[in-house]
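Residue strings, one per chain:
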Amino acid sequence: MMRMNNKTVLFAGIIPVLLYAACGSSQNDVPATVTFTEHVAPILYSNCTFCHRPGGSAHFSLVTYEDARRNGGAAAYVVKERIMPPWPADPHYTTFLGQRVMSDRDIAIIEKWSTEGMPQGPADKMLALPKYPVGSENGTPDMRIPVQPFFLKANSNDRFLLVKVPFELPADTFASLIEFVPGKSNIVHHVNGDMVKYEFDKKKNVFDGERVLDMAEDTASLLQAFQRLGLPNDDGTYPVLQKSVVNYLPGAVGQKYPEGIGGYFLPRKGVFLLNDMHYGFTNKDDVWDSSYINVFFAKTPPNRPVQEFQIGTLSSFGTAPVLPDLIIQPNTIKPVYSKYTIPEDISILTINPHMHLLGKSFKAYALKPDGDTIRLISIPRWDFNWQYFYTFLKMLKIPKGSTIIAEGVYDNTRQNLNNPFSPPQLVRDRNGSMKATDEMFQFIVTYLPYQPGDENISLEHK
Ligand code: HEC
C-alpha cells in the first residue's frame, strides 16, 4: 500500500508539468485558422507517416487529406495523450537519439484542426511526402539471409515465435551492421535477435532442427526449445550466444555506430536466433510474411566490438537477480528492482528495459561511488508494444564502482487494460519463459570498455 502511494506521487509530479506546458505559452503560436495543407500535413509528415503510409508499419495511412480527415479525431486524441508517436521514455528525464516527441504547439494544432471541421486548405501549399527508403535504410547489403516464411490466417491474434535463421559462409568474417527487415511491416511487431556462434568443427550441420517454435504453445523451457531448434553442438555442449545482435521495432532498424565502434565477428557457421518475434493481429486477409536479415560486411575487424550485460531475469552474472522474486499476486501492484555494481569504467551505447504485459513503469539510473546519480531512463507509463533499444546521443561514461539500479512496477489488477487474465491470476517468471503471459524484468545494457574521450563521441548515424 505504501509503495502504491509513492507511485501516485510520482505520477502527480509529471502530469502538472504536461498540463502546464499544454495550456501555457504554446497556445499563442497556433494560427487563427488551421488547415491540412498549410499546418497539419507538415506535422504528420515529420511525426507520423514514417509508419502511417501505404506499406508502413501501421494499419492505416495519414498521408492524404482523406486519410487524415477519416482519422483526425483519433489522431488528436493519441497525440494529446502522448500515445503517438510512440515514445514511452520521459524526454524530461533523459534524451535519446531519434526520439519521437512532439512539441506542444504541434499537438495544439492537430487538436484545433480536428475540432474546427478539419478544413483542407489551399492545394498549392501541399508538401511532397518525404522519400522513405525501401529494403534497407543503410544502402545495399552484402548478404541477405531469408527468414523462414511464416503464414498467418486472417483475423489471427498476436503470435510470439522463436525463429532460427542459420547461415554458413565461405570463411570467418566481420560485419559492421546486421539488420532485420520485415516482409509485411504492418504485422511484424518487433524482434530481438541473438547470434549463435559455432566453432567450425563442433557442428556439422547448422541447418538441422526445427526453424520456428510458437512461444505460447511449444516451449516449456528455453533449454528444451534450444534442443528442438538443434542449437547445441554435436557433442551436446552449447556454443557461444551473443545477445541483441539484430533487433527490430518499427522506426528503429539496425544499430549503426560511428567508424571504428561496434561491429561483430561472424563465424563461418552460425545462427541468428530471433527471440520473441512478435507478429501482431491480422485483418481480414491471410498473409505470408517473408522477412530477411541484411548483413553489411566490415572491411576491417571491429577494434571495439560491442559488449552487453543484462540484469534481472536471467542476469548475465547470476548475481543481479530480480528482488524480491518476480511473483505477482492477483489484484496487487508490485515493485521490484535489480542492481549490479560495475567492475570497470564503461561507456554505455544503448539500453533496453524489458517487461511484459503487467509492466506499469520502469526506471533506471546509476549511483556513482561519490553518491551522484547518472540518469539512464524513466518510463512513467510502460508500453509493452514499444520496447526500444534506446541509444544515447553520446557515449555515456559510467565509472567503475557505480551501481546500476533498475526499478520496475507491475500492475496485476483489473485497472491494467493489458492484463492477459480476467479475473487477474498469479503471474511470475518461469525459467526465463518468454511467453507474454509470464513476466520478465530485465535491463539490457550494450557498452564498450571506457576509453578517454568516449563521452565526446556522438552516436548519431552517419
Ligand atoms: C514508429 C511508428 C509509428 C509512428 C511514428 C506513429 N505511429 Fe501511430 N501507430 C503505429 C502502430 C504500429 C499502431 C498500432 C495500430 C496499427 O498497426 O495501425 C499505431 C496506432 C495509431 C492509432 C490508433 C490508436 C489505437 O488505439 O488503435 C492512431 C490514431 C495513430 N497511431 C496516430 C498516429 C499519429 C497522429 C502519429 C504522429 C503524430 C503516429 N501515429 C505516429 C505506429 C506509429
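Residues numbered from 1 in each chain as written. Predicted model: local features only at pLDDT ≥ 70, side-chain atom pairs only at ≥ 80, totals over all residues. Heavy atoms only, no water.

### Quick notes on the nonpolar core
Grouped burial of nonpolar side chains is what soluble globular proteins tend to show. Ranked by internal contacts, the top residues of the largest apolar core, which has 56 residues, are Ile351, Phe362, Leu376, Ile377 and Phe443. In terms of nonpolar packing, the next biggest core, distinct from the first, is built from 29 residues, Met143, Ile187, Val246 and Tyr248 among them. (Core = buried A, V, L, I, M, F, W, Y, C linked by side-chain atoms within 4.5 Å. Buried < 20%, exposed > 50% of the residue type's maximum accessible area, 1.4 Å probe, protein only.)

### Digging into the environment of Thr446
Mapped onto the secondary structure, Thr446 falls in strand β22 (residues 441-449). Note: C-alpha distance between Thr446 and Asn352 (94 residues apart in sequence) is 8.7 Å. A distance of 2.5 Å separates a polar atom in the side chain of Thr446 from a polar atom in the side chain of Thr350. (Helix = DSSP H or I, 4+ residues; strand = E, 2+ residues; numbered from the N terminus. Polar contact = N/O pair within 3.5 Å; in protein donor to acceptor, adjacent residues only side chain to side chain.)

### With respect to the sheet that holds strand β12 (residues 292-297)
On the basis of which strands lie adjacent, the open sheet formed by four strands has the order β1-β12-β4-β9 and antiparallel pairing. The sheet is open, and its two borders are formed by β1 (143-146) and β9 (264-266), each paired with just one other strand. Across this sheet, the average inter-strand angle for adjacent strands is 45 degrees, counted without regard to direction. When strand β4 (residues 173-181) meets β9, the two strands line up antiparallel, connected through three bridges. Residue Ala175 lies in a different strand from β9, and its bridge partner there is Tyr264. (Pairing = 2+ DSSP bridges. Axes fitted to C-alpha atoms, helices over the stretch in contact; angles between N-to-C directions.)

### Here we look at the domain arrangement of the protein chain
Split by domain assignment, the protein chain resolves into domain 1 (2-125), domain 2 (143-297) and domain 3 (307-456). Tallying the contact residues gives 21 residues for domain 1 and 23 residues for domain 3. Across the domain 1/domain 3 interface, buried area totals approximately 2,000 Å², and carbon plus sulfur atoms make up 70% of it. Broken down residue by residue, the surface that domain 1 buries against domain 3 is led by Pro88, Tyr93 and Phe96, which jointly contribute 36%. Linking domain 1 to domain 3 there are zero salt bridges. Here domain 1 is connected to domain 3 by eight residue pairs in polar contact (both at pLDDT 80 or more). Its residues assigned to classes, the side of domain 1 that touches domain 3 shows 12 nonpolar, three polar and six charged. (Domains from an automatic or database assignment. Contact = heavy atoms within 4.5 Å. Buried area = accessible area lost by both parts, 1.4 Å probe. Salt bridge = Lys/Arg side-chain N within 4 Å of Asp/Glu carboxyl O. Nonpolar A, V, L, I, M, F, W, Y, C, P; charged D, E, K, R; others polar.)

### A look at the packing of aromatic side chains
All chains considered together, the criterion is met by 22 aromatic pairs. Between Phe96 and Phe392, the ring centres sit 5.0 Å apart and the planes meet at 45 degrees, which makes this aromatic pair tilted. Of this pair, Phe96 sits in the loop between α4 (72-80) and α5 (104-115) while Phe392 sits in strand β19 (residues 390-398), and the two are 296 residues apart along the sequence. Here Phe362 and Phe443 contribute two aromatic rings whose centre-to-centre distance is 5.7 Å and whose plane-to-plane angle is 40 degrees, an arrangement assigned as tilted. Linking Phe362 in strand β17 (residues 359-367) with Phe443 in strand β22, this pair joins segments that are 81 residues apart in sequence. For Phe362, a relative accessible area of 1% translates into the label buried. Residue Phe443 is classed as buried on the basis of its relative accessible area of 1%. Connected via pairs of aromatic rings, a cluster forms that spans Trp87, Phe96, Trp386, Tyr388, Tyr390 and Phe392. Across from the ring centre of Phe50, 5.3 Å away, lies the NZ or CZ of Arg100, which sits over that ring. (Phe/Tyr/Trp six-rings, centres within 6.5 Å; stacked < 30°, edge-to-face > 60°. Lys NZ or Arg CZ within 6 Å of the ring centre and 35° of its normal.)

### Side note on the coordination of the iron atom of the ligand
The protein atoms that coordinate the iron atom of the ligand are His52 (NE2) and Met84 (SD), at distances spanning 2.0 to 2.3 Å. Taken together, the six donor atoms surrounding the iron atom of the ligand define angles of 84 to 179 degrees at the centre, an arrangement classified as octahedral. Highlighted residues: His52 in the loop between α2 (36-47) and α3 (65-70) and Met84 in the loop between α4 and α5, separated in sequence by 32 residues. Under the relative-accessibility criterion, Met84 is labelled partly exposed at 28%. (Donors = N, O, S within 2.8 Å, 3.2 Å for Na, K, Ca; no water. Tetrahedral: all angles 85-135°; square planar, octahedral: opposite > 155°, others 65-115°.)

### Topic: the sheet that holds strand β20 (residues 403-411)
With antiparallel pairing, four strands are arranged side by side in an open sheet as β15-β20-β17-β18. Whereas interior strands pair on both sides, the edge strands pair on one side only; in this sheet they are β15 (333-341) and β18 (373-379). On average, each strand axis in the sheet is tilted by 10 degrees relative to the strand beside it, whichever way the strands run. In this sheet, β18 lies alongside β17 in antiparallel orientation, the contact comprising six bridges.

### Here we look at the side chain of Asn233
Take Asn233: it is sitting in the loop between α6 (222-228) and β7 (240-249). Given the relative accessible area of 8%, Asn233 is considered buried.

### As for the side chain of His278
Of note, His278 is situated in strand β10 (residues 269-279). Leave out the neighbours within four places in its chain, and His278 touches Asp158, Arg159, Phe160, Ile187, Val188, His189, His190, Phe384 and Asn385.

### Some details on the environment of Pro170
Position of Pro170 relative to the elements: it lies in the loop between β3 (159-168) and β4. Along the chain, Pro170 and Pro267 lie 97 residues apart, while their C-alpha atoms are 9.7 Å from each other.

### Digging into the site of the ligand
In the vicinity of the ligand lie 20 residues, with Cys48, Cys51, His52, His59 and Met84 positioned nearest. Between the ligand and His52 there is a distance of 2.8 Å, counted from a nitrogen atom to a side-chain nitrogen or oxygen. One nitrogen or oxygen atom from the main chain of His59 is found 2.6 Å from an oxygen atom belonging to the ligand. In terms of residue class, the shell around the ligand is built from 15 nonpolar, four polar and one charged. (Near = heavy atom within 4 Å.)

### A word on the packing of α2 against α5
One can describe the packing of α2 onto α5 by two numbers: an axis separation of 10 Å at closest approach and a directional angle of 125 degrees. Judged by the inter-axis angle, α2 sits oblique to α5. In this structure, α2 meets α5 at a crossing whose hand is left-handed. Mapping the contact onto sequence places Phe36, His39, Val40, Ile43, Leu44 and Asn47 in α2 and Asp106, Ile109, Ile110 and Trp113 in α5. In terms of residue class, the contact of α2 with α5 is made up of seven nonpolar, two polar and one charged. (Parallel < 35°, antiparallel > 145°, perpendicular 65-115°, else oblique. Left-handed = near helix turned anticlockwise from the far one by under 90°.)

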